[in-house]
Amino acid sequence: MIYCCEEHVDLAIDTIVDEFETFPLLSKVAVDELSTSCEYCRNSAVYMVANE
Ligand SMILES: [Zn+2]
């Protein structure tokens, strides 16, 4: 799964679609995980994109 910020959510979805050929499950990052950073930049992750 990929953690990403608001800006890179499209990129994360594209990555999962490319890799797994399935539309990803998008969920908001839980409050206690808000310190997790985006996979693509230094912003805090807002969404979690999973391949299931
Ligand atoms: Zn980002």
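Residues numbered from 1 in each chain as written. Predicted model: local features only at pLDDT ≥ 70, side-chain atom pairs only at ≥ 80, totals over all residues. Heavy atoms only, no water.

Caption draft 1: The overall build of the protein chain, seen in detail. Check the secondary structure of the protein chain and you find 1 helix and 3 strands. Written out in order from the N terminus, the α and β elements of the protein chain read β-α-β-β. The C-alpha atoms of the protein chain give a radius of gyration of 10 Å, which matches the 10 Å a tight globule of 52 residues would have. For the C-alpha atoms alone, the extent of the protein chain along its principal axes is close to 30 × 20 × 10 Å. The contacts in the protein chain between residues at least 6 apart in sequence include a share of 60% that link residues at least 24 apart. Accessible surface computed for the protein chain: about 3600 Å², of which carbon and sulfur atoms make up 49%. (Helix = DSSP H or I, 4+ residues; strand = E, 2+ residues; numbered from the N terminus. Rg over C-alpha atoms; globule rule 2.2 N^0.38 Å. Contact = heavy atoms within 4.5 Å. Areas by Shrake-Rupley, 256 points an atom, 1.4 Å probe, with all protein chains shown as cover.)

Caption draft 2: The environment of I13, seen in detail. In this structure, I13 sits in helix α1 (residues 9-20). Using a relative accessible area of 16% as the deciding quantity, one classes I13 as buried. When the C-alpha atoms of I13 and R42 are compared, they prove to be 18 Å apart, with 29 residues separating the residues in sequence. In contact with I13, not counting residues within four places along its chain, are F23, P24, L26 and V49. (Buried < 20%, exposed > 50% of the residue type's maximum accessible area, 1.4 Å probe, protein only.)

Caption draft 3: Representation of the nonpolar core. I2, C4, C5, V9, A12, I13, I16, C38, Y47 and V49 together form the largest nonpolar core, which totals 10 residues. Only β1 (2-4), α1 and β3 (47-50) provide two or more residues apiece to this core. For this core, the leading source of residues is α1, giving 4 residues. (Core = buried A, V, L, I, M, F, W, Y, C linked by side-chain atoms within 4.5 Å.)

Caption draft 4: Summary view of the coordination of the zinc ion. Distances from the zinc ion to its protein donors, C5 (SG), H8 (ND1), C38 (SG) and C41 (SG), fall within 1.9 to 2.3 Å. Around the zinc ion sit 4 donor atoms; with metal-centred angles ranging over 102 to 117 degrees, the donor geometry is tetrahedral. Taken in chain order, the donor set of the zinc ion reads C-x2-H-x29-C-x2-C. Highlighted residues: H8 in the loop between β1 and α1 and C38 in the loop between β2 (25-28) and β3, separated in sequence by 30 residues. (Donors = N, O, S within 2.8 Å, 3.2 Å for Na, K, Ca; no water. Tetrahedral: all angles 85-135°; square planar, octahedral: opposite > 155°, others 65-115°.)

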